[in-house]
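Descriptive structure summary
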Amino acid sequence: MDTSSSSDIEQLPEPIDLSHHYSKITKNRNTSRVKDFYKYFQIPGIGNLAGGLPNNNYFPFDTLEGAAALPQRFTPTPNKPVDPPSDLLAATTLSNDLTASRVVVPKTSNNEDPLRKIDLKTALQYGTAQGYPPLYQFLRQFTTQNLHPSIPYKGGPEILLTCGNTDGFAKAIEALTNTWNEDRDWIGYREGILVEEFCYMNAVQAAKPRGLNIVPVAIDDEGMKAHGKGGLHEVLDTWDESRGKRPHLIYTVTIGQNPTGGLLSVQRRKEIYQVCVKFDVIIIEDDPYWYLQYPSANPSTIHQSPSSLPRTPNHKSSGYPFLDSLVPSYLSVDTQGRVIRLDTFSKTVAPGCRLGWITTQPGLCERLLRITETSTQQPSGFVQSMIAELIMGPHNKTGRGGGEDDSGWQTDGWVRWLEGLRGNYEHRMRSMCTILDEGKELVKTGRRRSIDREWGIVDKIPLYDFIWPLGGMFVWVHLNLASHPLWNKTTPQKLAQALWIHLTTPKYLVLVAPGTIFAPTEEIREERSWAYFRICFAAVDEGDVEPMSRRFVAGVQHFWRVKSLDDIEELLTKEIEISEGLVDSRGAC
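Here is a short report on the structure shown in this document. (Residues numbered from 1 in each chain as written. Predicted model: local features only at pLDDT ≥ 70, side-chain atom pairs only at ≥ 80, totals over all residues. Heavy atoms only, no water.)

1. What about the overall build of the protein?
Just so we agree on the cut-off: Secondary structure elements follow DSSP: runs of H or I of four or more residues count as helices, runs of E of two or more count as strands, with numbering from the N terminus. Burial classes: relative accessible area under 20% of the type maximum marks a residue as buried, over 50% as exposed, and values in between as partly exposed (1.4 Å probe, protein chains only). Note on contacts: a residue pair is in contact if any heavy atoms of the two residues lie within 4.5 Å. All accessibility values rest on the Shrake-Rupley procedure with a 1.4 Å probe; residue burial counts only the protein chains present in the view.
What the protein contains, in helices and strands, is 18 helices and 15 strands. Buried positions account for 54% of the 589 residues belonging to the protein. In the protein, of all internal contacts separated by at least 6 residues, the share reaching a separation of at least 24 is 73%. Just so you have it, the protein exposes about 26700 Å², and 51% of that area is on carbon and sulfur atoms.

Shown next as structure tokens:
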């Protein structure tokens, strides 16, 4: 490292002490005596008669194996916006051949380095709460050197492996909030959490049982607003303490915001961060879609493309053009250490992995580690060892990694895999949005007569609108129900519900997510959430994106031709029949 770089690091501020925000239970947590004792197990040649560990020779698995894709399976799309984007994208194939490697985690590895040793003997045994050492080491290095190389506080962050972002969020709110019960506690003790006015409801459903105030903040096309009516500053500055304490946490999805698809610019992050500094607020940044940023978004939004957004002054290269092209995390402006970032393998490998990691300042990470020691302890050893072997590969002849020569993907391969995923999802996004764009107006033609002439007329009725998403997996459709012929004859809530049911009927057979399930409060649910649908272009098979998008358009256009209230009531009656057989799938949203 050169002198100037060393000098810059020395001048960085220390992360601030956030212990005044810790919950009472979190303040009382001590290091697990059992987990702390594990360090003695590593003494070479020690005869371990102390640990209550089952003997690894009785584990029924001799190896863990699976065919895995090579990192080049999917074709990337350009990192920079292309206008018009269709020419280059049309020339790009969606995927290469399905050549695979075979990943093998052996029963025992003869590598004595705990940061390199990947085998079932260690992975399936009780381990440290921080995570499986080889995978922890890789992710920590990847996080600090490649994902977030410009974190502006001294010493940088620490990481902790989790069982996915839901687990990470649960631990964050356990660490930073006290439970409140209206039958027992004074209102002045009630704490709160700030969320986007449309948000991922699993987070809200995790916070509500703790008695937290759920406080919505206004959003625009980017995401959460820092200033203006309903913006973060106004909400905090005008807080009514009769509702409880002023909220000290934000939960936010900043890239491909769920459900709206917004992408928060660096400038907006700076503005929100400054508000958080002023009011002493901690940011929980949930970013499962960070790698899915789309430079080829519609020309109307192309000027906001990730690669064209301003950077922070201390920005350093990740070493990879793809990662450098992405809008950076809140961590890049986190001068005080008040950001908790949640990352996950759910969208980059598979949701069933239940594997992710938290990145935050060391002091707070230590408190989260104490929670982990007496709860989940660590993610599944099966999953951690397979991901470690896939990416890192073996360091001897006893295992096989995910690379062509039985080595692992390594960082180069992992980044290449992420590029390919972005490419495929970007194709899907463009396919769906092109069709939605074409069908967002109902065109009616006819003829009119005057005394001495006749002429043709074309009437265009706006049915819905949307913004091409710059990231994520969703299109947020705003219904123009006021243009429906029955707008003045029934309630908008009934119209929206009838349309949702209409789309599920056999002729169209399309299921979309109603905006009501993303409303964090009853007020938003009743006032305006009914006017939105969230459409996901990620879940269905590649060949189904186009026909399903066309069925959605056809269903909406047909619904605008419904002119009888009896037809609306009939649809609403069908909803009762449908809902009785539905499985509650909101947890997967």
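What follows continues from the structure just given.
2. Considerations on the side chain of serine 109
By the element assignment, serine 109 lies in the loop between β2 (100–106) and α5 (120–123). Here serine 109 is in contact with Lys117, Ile118, Asp119, Asn396 and Thr398, once residues within four sequence places are set aside.

3. Quick word on the sheet that holds strand β12 (residues 464–465)
To keep things clear, this is the line we draw: Strands were regarded as paired on the criterion that DSSP finds at least two bridges between them. The angle between two axes is taken between their N-to-C directions and runs from 0 to 180 degrees, where each axis is a line fitted to C-alpha atoms and a helix contributes only its stretch in contact.
In spatial order, the strands read β12-β13-β15-β14; together these four strands make up an open sheet with antiparallel pairing. Of all strands in the sheet, those bounded by a partner on one side alone are β12 and β14 (513–514). Here β12 runs beside strand β13 (residues 474–479); their pairing, made up of two bridges, is antiparallel. Bridge assignment links aspartate 465 to a residue of β13, and that residue is histidine 478. Packing of helix α15 (residues 492–504) onto the sheet brings it into contact with β13, β14 and β15 (532–536), and relative to β15 it is tilted by some 25°.

4. As for the packing of aromatic side chains
The criterion, for reference: The criterion for an aromatic pair is that two Phe, Tyr or Trp rings (for Trp, the six-membered ring) have centres within 6.5 Å, with stacked assigned to planes under 30 degrees apart, edge-to-face to planes over 60 apart and tilted to the rest.
All told, the structure shown has 18 aromatic pairs when counted by the stated rule. When the ring of phenylalanine 169 is compared with that of tyrosine 251, the centres are 4.9 Å apart and the planes differ by 65°; the resulting orientation is edge-to-face. Residue phenylalanine 169 is found in helix α7 (residues 165–176), and its partner tyrosine 251 is found in strand β6 (residues 249–252); the two are separated by 82 residues along the sequence. By relative accessible area, tyrosine 251 is classed as buried at 1%.

5. Structural notes on the pattern of salt bridges
What counts here: Salt bridge criterion: a side-chain nitrogen from Lys or Arg within 4 Å of a carboxyl oxygen from Asp or Glu.
Under the counting rule described, the total for this entry stands at 28 salt bridges. Where glutamate 222 meets arginine 268, a salt bridge forms, and the shortest distance between an N and an O atom there is 4.0 Å. Here arginine 268 lies in helix α10 (residues 266–279) and glutamate 222 lies in the loop between β5 (213–217) and α9 (232–237), a separation of 46 residues in the sequence.

6. Description of the sheet that holds strand β3 (residues 158–162)
Strands pair in a sheet through their backbones, by hydrogen bonds, and they do so in one of two ways: parallel or antiparallel. Pairing is mixed in the open sheet, where seven strands are placed in the order β3-β9-β8-β7-β6-β4-β5. The two strands at the open ends of the sheet, each matched to only one other strand, are β3 and β5. In this sheet, neighbouring strand axes are inclined to one another by 20° on average, regardless of whether the strands run parallel or antiparallel. Both strand β7 (residues 282–286) and strand β8 (residues 339–344) contribute to a ladder of four bridges, which runs parallel. Paired with isoleucine 284 across the strands is isoleucine 340, a residue of β8. Against the sheet, α7 makes contact with β3, β4 (192–196), β6, β7, β8 and β9 (356–360), and its axis sits at roughly 160° relative to β8, the strand it touches most. Helix-sheet contacts for α10 involve β6, β7 and β8, and the interaxial angle to β7 is about 145°.

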